[in-house]
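Structural characterization, general
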Amino acid sequence: QKEVEQDPGPLSVPEGAIVSLNCTYSNSAFQYFMWYRQYSRKGPELLMYTYSSGNKEDGRFTAQVDKSSKYISLFIRDSQPSDSATYLCATPGYSSASKIIFGSGTRLSIRP
Amino acid sequence: GAVVSQHPSRVICKSGTSVKIECRSLDFQATTMFWYRQFPKKSLMLMATSNEGSKATYEQGVEKDKFLINHASLTLSTLTVTSAHPEDSSFYICSARDTSYEQYFGPGTRLTVT
């Protein structure tokens, strides 16, 4: 079983829709979680990070962690064509100082 | 925010030659730098972790003699692909981390070996 699993998509939604991106992780000891956005032929950029359970909101983006089910989500409200990218969930695993474990990434396309 | 640059952004080289890719943290000191490889439509694969002034730690299956990593200062790490072959063609991305857990990624270098 992979440590972080993510549906690769592709996912295509119309502009303005709410997007839900999801990942599962295998180890209940993991505490920190991140979402990265990667445009084509570019390096990933950190979108959001969360610690432990709960929600964190930043503009149109909301990151959610459910430790009981080992499930992490990223919601995008009022999606825009500029949100079209690959989204990667990630965790540094046991410790914030550890190397990052990435999901496989979900390719998202927002249709105008 | 923290900025990481990579140079060159694209490089084409002939089979058998060596190529050096630079990764720089522009506005912070990077105690740790990471090198990743990414194939089309795939996720990032960690190749090695380097701490300033120390030898790099390579992931299983990554040839340390083929992918030479140097982290001589707190703002610069280099990856040298030695005796490159077409199968080494890929997108190479570095990232840098200061004392926090956040990693800041470079824009990537596309290597094509002909």
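Reference entry: report on the structure contained in this document. These numbers come from a predicted model, not from an experiment.

We now examine the overall build of chain A. Broken down by element type, chain A carries zero helices and 11 strands. Going from the N terminus to the C terminus, chain A shows its helices and strands as β-β-β-β-β-β-β-β-β-β-β. A compact globule built from 112 residues should have a C-alpha radius of gyration of about 13 Å, and chain A, at 13 Å, falls within 12% of that. Per-residue burial over chain A gives 41% buried out of 112 residues. Look at the contacts in chain A between residues 6 or more apart in sequence, and 54% of them connect residues 24 or more apart.

The next subject is the interface of chain B and chain A. Contacts between chain B and chain A engage 19 residues on the former and 20 residues on the latter. With both chains or domains summed, chain B and chain A bury close to 1600 Å², and 57% of this area falls on carbon and sulfur atoms. The tally of links between chain B and chain A comes to zero salt bridges. Summed over the shared surface of chain B and chain A, the result is three residue pairs in polar contact (both at pLDDT 80 or more). The set of elements that each furnish at least two residues to the side of chain B that touches chain A consists of β4 (32-38), β5 (44-51), β9 (90-97) and β10 (103-105) of chain B. Of the residues in the side of chain B that touches chain A, the class split is nine nonpolar, four polar and six charged.

In total, this model carries 11 aromatic pairs over all chains according to the counting rule given. Summarising the aromatic geometry, the rings of B:F67 and B:Y92 are spaced 6.3 Å apart at their centres and angled 45 degrees between planes, so their arrangement reads as tilted. With B:F67 in strand β7 (residues 67-73) and B:Y92 in strand β9, this residue pair connects regions lying 25 residues apart in the sequence. Classification of B:F67 as buried rests on a relative accessible area of 5%. The rings of A:Y36, A:F102, B:F34, B:Y36 and B:F105 are connected pair by pair, giving a single aromatic cluster. Taking NZ or CZ as reference, A:K56 lies 3.6 Å from the ring centre of A:Y49, over its face.

Turning our eyes to something else, we now look at the pattern of salt bridges. All names here are of chain A. A complete count under the given rule lists five salt bridges over all chains for this structure. In this structure, the salt-bridge partner of E45 is R37, at a minimum N-O distance of 3.1 Å. Of the charged contacts in the structure, one is a salt bridge between D83 and R60, with a shortest N-O distance of 2.8 Å. With D83 in the loop between β8 (71-76) and β9 (85-91) and R60 in the loop between β6 (54-58) and β7 (61-66), this pair connects stretches of sequence that are 23 residues apart. Exposure remark for D83: the relative accessible area of 2% places this residue in the buried category. The exposure class of R60 is partly exposed, given its relative accessible area of 25%.

It is worth spelling out the sheet that holds strand β3 (residues 19-25) of chain B at this point. Residues and elements named next belong to chain B. On the basis of which strands lie adjacent, the open sheet formed by four strands has the order β1-β3-β8-β7 and antiparallel pairing. Sheet topology places β1 (4-7) and β7 at the edges, where each strand pairs with a single neighbour. Averaged over all adjacent pairs, the angle separating strand axes in this sheet is 15 degrees, with direction ignored. The sheet contact formed by β1 and β3 spans four bridges and is antiparallel. Bridging from a neighbouring strand, S5 pairs with R24 of β3.

Linking A:R60 and A:F75, residues 15 residues apart in sequence, is a C-alpha distance of 7.9 Å. The contact partners of A:R60, leaving out residues within four places of it in the chain, are A:F75, A:I76, A:R77, A:D78, A:S79, A:Q80 and A:D83.

What counts, and at which threshold
- Residues numbered from 1 in each chain as written.
- Chains lettered and ligands numbered in written order.
- Predicted model: local features only at pLDDT ≥ 70, side-chain atom pairs only at ≥ 80, totals over all residues.
- Heavy atoms only, no water.
- Helix = DSSP H or I, 4+ residues; strand = E, 2+ residues; numbered from the N terminus.
- Rg over C-alpha atoms; globule rule 2.2 N^0.38 Å.
- Buried < 20%, exposed > 50% of the residue type's maximum accessible area, 1.4 Å probe, protein only.
- Contact = heavy atoms within 4.5 Å.
- Buried area = accessible area lost by both parts, 1.4 Å probe.
- Salt bridge = Lys/Arg side-chain N within 4 Å of Asp/Glu carboxyl O.
- Polar contact = N/O pair within 3.5 Å; in protein donor to acceptor, adjacent residues only side chain to side chain.
- Nonpolar A, V, L, I, M, F, W, Y, C, P; charged D, E, K, R; others polar.
- Phe/Tyr/Trp six-rings, centres within 6.5 Å; stacked < 30°, edge-to-face > 60°.
- Lys NZ or Arg CZ within 6 Å of the ring centre and 35° of its normal.
- Pairing = 2+ DSSP bridges.
- Axes fitted to C-alpha atoms, helices over the stretch in contact; angles between N-to-C directions.

The quantities given are spatial measurements derived from coordinates; they are silent on function.
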